[in-house]
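Structural characterization, general
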4 protein chains.
Amino acid sequence: MNVKKKIVEQSIQLFEMKGFSETSIQDIVEALGVTKGTFYYYFDSKEQLLKDIHLTYIDDLLKLQEQIIGNSDMNYKTKLFETVKLLITQIKVTGRPARVFHREMMHLKPESVSMVKQKRKMFRLNMQKIIESGIESGEFRKDLRADLVTFAILGMCNWSYNWFDPNGPVTDEELVKTYMETLLNGISS
Amino acid sequence: MNVKKKIVEQSIQLFEMKGFSETSIQDIVEALGVTKGTFYYYFDSKEQLLKDIHLTYIDDLLKLQEQIIGNSDMNYKTKLFETVKLLITQIKVTGRPARVFHREMMHLKPESVSMVKQKRKMFRLNMQKIIESGIESGEFRKDLRADLVTFAILGMCNWSYNWFDPNGPVTDEELVKTYMETLLNGISS
Amino acid sequence: MNVKKKIVEQSIQLFEMKGFSETSIQDIVEALGVTKGTFYYYFDSKEQLLKDIHLTYIDDLLKLQEQIIGNSDMNYKTKLFETVKLLITQIKVTGRPARVFHREMMHLKPESVSMVKQKRKMFRLNMQKIIESGIESGEFRKDLRADLVTFAILGMCNWSYNWFDPNGPVTDEELVKTYMETLLNGISS
Amino acid sequence: MNVKKKIVEQSIQLFEMKGFSETSIQDIVEALGVTKGTFYYYFDSKEQLLKDIHLTYIDDLLKLQEQIIGNSDMNYKTKLFETVKLLITQIKVTGRPARVFHREMMHLKPESVSMVKQKRKMFRLNMQKIIESGIESGEFRKDLRADLVTFAILGMCNWSYNWFDPNGPVTDEELVKTYMETLLNGISS
DNA sequence: CATGAATGAGCTTTCATTCAT
DNA sequence: CATGAATGAAAGCTCATTCAT
């Protein structure tokens, strides 16, 4: 595997464990057995590395979301299900970058922040569109505020990065099913 | 107001804006017009200040939660409603510490972390208890996994610190009502 | 003597010997037996130190020039003589800062440069004024270009920082006398 | 044009603008669209490049000076005139290397410095010889100190690199004429 | 109670240089 | 001839912390 990729992966691991500010370039290169010079051969700055991580992550999410949205075989409930599954499963596959993604955005430069925020917003609006279409199609209740419901679902899913351990007693599939069931039918008896 | 309190409040403001690591003691004392010596008269370290902030915050939450739980006039739906309201409204009242609370825990020393985590866990388990009691009493569906539902609700509420602006078009009361309605009855038509 | 002053003097010595870029903060503080922290307690940056040196130097020159200009007992030839003497003698008194002053201006930030340049220009224009007044009074030839003559004199004097050793065989007084004599009467037989 | 020459010219331009220390090899090769390897194919070090620039410059000057000295058609006043013209005009033709030449000598290694200094000294002594011969021939005043007068003239000329803009209102020919006139006849009325 | 001087360890970054290909 | 990857030493600077007063 090439060095740049190794740096990215090692960084993600360290950022996730110790936080961005607490991770020094020294930490990263030492863990890889290279020198600081090597780091700066591949990256202009520590911030740029973080930006790369963020953009890669959100771009991947957006690409997978597109596949869900573009699939005309699914109804809107299924599309929502797949979206929730996407967010939760991402933890299993790429647990670490997810946590970095949700925590360290503040350390980006203003310009990088706005770039990332814009893409995150796009993801959210795509989700909202699914809700809105589902309302129109009659799959969801007519009286919903699609924007707030979207925020609620995103919160539910994203928060799980804080506690969900894919190797723990609850599987990711179980979690997705439970969340969707709760979401669709409510908890009231 | 005494100096210690001023330091805490100024710190919260700065931590919220720039992050814990990016805020220097110099920043804090300069903003207050005192010197570093003064800071170290009141606090042993920067970490201890953060610990104080965290403990004050979670202790306040726990105290308010106790009042909800101990109130025998409420049924469990109402208790859950009040809990959600407590979490969301906290943003309006104390928006800044909330964000600091949810972001900067990693900068605490291991011992401080475990102290805070334990109290956070207590808050969560108290919530879970409300769900479980509501299931027993027949207010909530019998087939719920109380633990996962609790995580879902916590995620929904806590995530709102990321986007909810109490001075924006949506009021906190509106948000609480919408969230509870969605939660209780689901989105399925 | 206080530490800040010591830092300035040590820096001047090192800048003069090795040049600004080649002198590290480490070099400066090591020579003084203090630490880098101490340096940055007194100065915001290396550049600011250089700016301080430049401004102190040119401000001193301007103050002394003022005394010459304001002295109504002198005719213009004498005033010019005193100005030349001022520039040459400065080497003897403050040899090192002079060389730093004439060499390292490029390492200042643009804003600092313009501040220093403005004051240098003022010195030059004051000199030019002496020439112009001397022309009017009949002490100097009517057909002189005061601006170019001023540049010529400045060059003559300032260049001496490149070779003149006040402890060498030629004394500063001798040099001033010779330069003035050459300047006033020319070399043509 | 060959690559080595391009490197030299680009370097001169950059050294003149930003200074030797502030110009990195990266800057140089990037401006030329080649790589660092290429640079080190042609030059052993950054210092060697600077040495090359210095030696080329002073060797050129010496060669031109020789032509002046060897021309038996000129009297000594004319020879001095031509020398002054040589120094001033060099700015117009090769403004940049001139400034580099007069500023960055300190960045050479001691051995290179002494080589350059020796040649500079030779130029100066050649000039001094002109003055001395002119004194003997009766063209210049008998009571001159040829050594100090030479320094004065050199200062006058070389200093002009600090302010003279060949594209400004004063032409180089005008400057040379004015300087020589002042020098020969003095400013006294 | 509070100050201001000083520390020292560590940080991000730069850069001349080397070298296998 | 030329490249691109890698090095390693050093640079400027930050900052939590200490302590005599």
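Shown above is the structure to which this text applies.
Residues numbered from 1 in each chain as written. Chains lettered and ligands numbered in written order. Predicted model: local features only at pLDDT ≥ 70, side-chain atom pairs only at ≥ 80, totals over all residues. Heavy atoms only, no water.

Here we come to the pattern of salt bridges. With the rule as written, the count across this model stands at 30 salt bridges over all chains. Here E111 of chain A and K109 of chain A are joined by a salt bridge, their closest N and O atoms 3.9 Å apart. On the accessibility criterion, E111 of chain A (54% relative accessible area) is exposed. Exposure remark for K109 of chain A: the relative accessible area of 40% places this residue in the partly exposed category. Here D147 of chain B makes a salt bridge to R145 of chain B, at a shortest N to O gap of 2.8 Å. Since its relative accessible area comes to 22%, D147 of chain B is described here as partly exposed. Overall, the relative accessible area of 32% leaves R145 of chain B in the partly exposed class. It is possible to trace a salt-bridge network through shared partners that takes in R141 and D143 of chain A together with E181 of chain B. (Salt bridge = Lys/Arg side-chain N within 4 Å of Asp/Glu carboxyl O. Buried < 20%, exposed > 50% of the residue type's maximum accessible area, 1.4 Å probe, protein only.)

On to the protein's contact with DNA strand E. The environment of DNA strand E is made up of 28 residues, and the closest members are Y40 of chain A, T38 of chain B together with T38, Y41 and Y42 of chain C. Counting only atoms of DNA strand E within 4 Å of the protein, the fraction found in sugar and phosphate groups is 67%. Contact distances for DNA strand E include 2.4 Å between a phosphate oxygen and a side-chain N or O atom of T38 of chain C. Between DNA strand E and Y42 of chain C, the relevant distance is 2.3 Å, taken from a phosphate oxygen to a side-chain nitrogen or oxygen of the residue. At the level of elements, α3 (36–42) of chain A, α3 (36–42) of chain B, α3 (36–42) of chain C together with α3 (36–42) of chain D are the ones that each hand at least two residues to the surface near DNA strand E. Counting residues per element, the surface near DNA strand E draws most heavily on α3 of chain C, at five residues. (Near = heavy atom within 4 Å. Polar contact = N/O pair within 3.5 Å; in protein donor to acceptor, adjacent residues only side chain to side chain. Helix = DSSP H or I, 4+ residues; strand = E, 2+ residues; numbered from the N terminus.)

The subject of this paragraph is the protein's contact with DNA strand F. Not every one of the 29 residues close to DNA strand F is listed here, only the nearest: T38, Y41 and Y42 of chain A, Y40 of chain C together with T38 of chain D. What you see for DNA strand F is that sugar and phosphate hold 67% of its atoms within 4 Å of the protein. Separating a phosphate oxygen of DNA strand F from a side-chain N or O atom of T38 of chain A is a distance of 2.4 Å. Within the side chain of Y42 of chain A, one N or O atom sits 2.3 Å away from a phosphate oxygen of DNA strand F. Only α3 of chain A, α3 of chain B, α3 of chain C together with α3 of chain D provide two or more residues apiece to the surface near DNA strand F. With five residues, α3 of chain A is the single largest residue contributor to the surface near DNA strand F. Grouping the amino acids of the surface near DNA strand F by side-chain chemistry returns 11 nonpolar, 13 polar and five charged. (Nonpolar A, V, L, I, M, F, W, Y, C, P; charged D, E, K, R; others polar.)

With 43 residues of chain C in contact, the opposing surface of chain D contributes 43 residues. Contact between chain C and chain D buries roughly 3,800 Å² in total, counting both sides, with carbon and sulfur atoms accounting for 64%. Put simply, chain C and chain D have four salt bridges between them. Between R141 of chain D and E181 of chain C there is a salt bridge whose closest N-O contact spans 2.5 Å. Our count for the contact surface shared by chain C and chain D stands at 22 residue pairs in polar contact (both at pLDDT 80 or more). Put simply, the parts of the chain that give the side of chain C that touches chain D at least two residues each are α1 (3–18), α5 (76–103), α7 (146–159) and α8 (172–185) of chain C. Residues of the side of chain C that touches chain D, tallied by class, amount to 19 nonpolar, 13 polar and 11 charged. (Contact = heavy atoms within 4.5 Å. Buried area = accessible area lost by both parts, 1.4 Å probe.)

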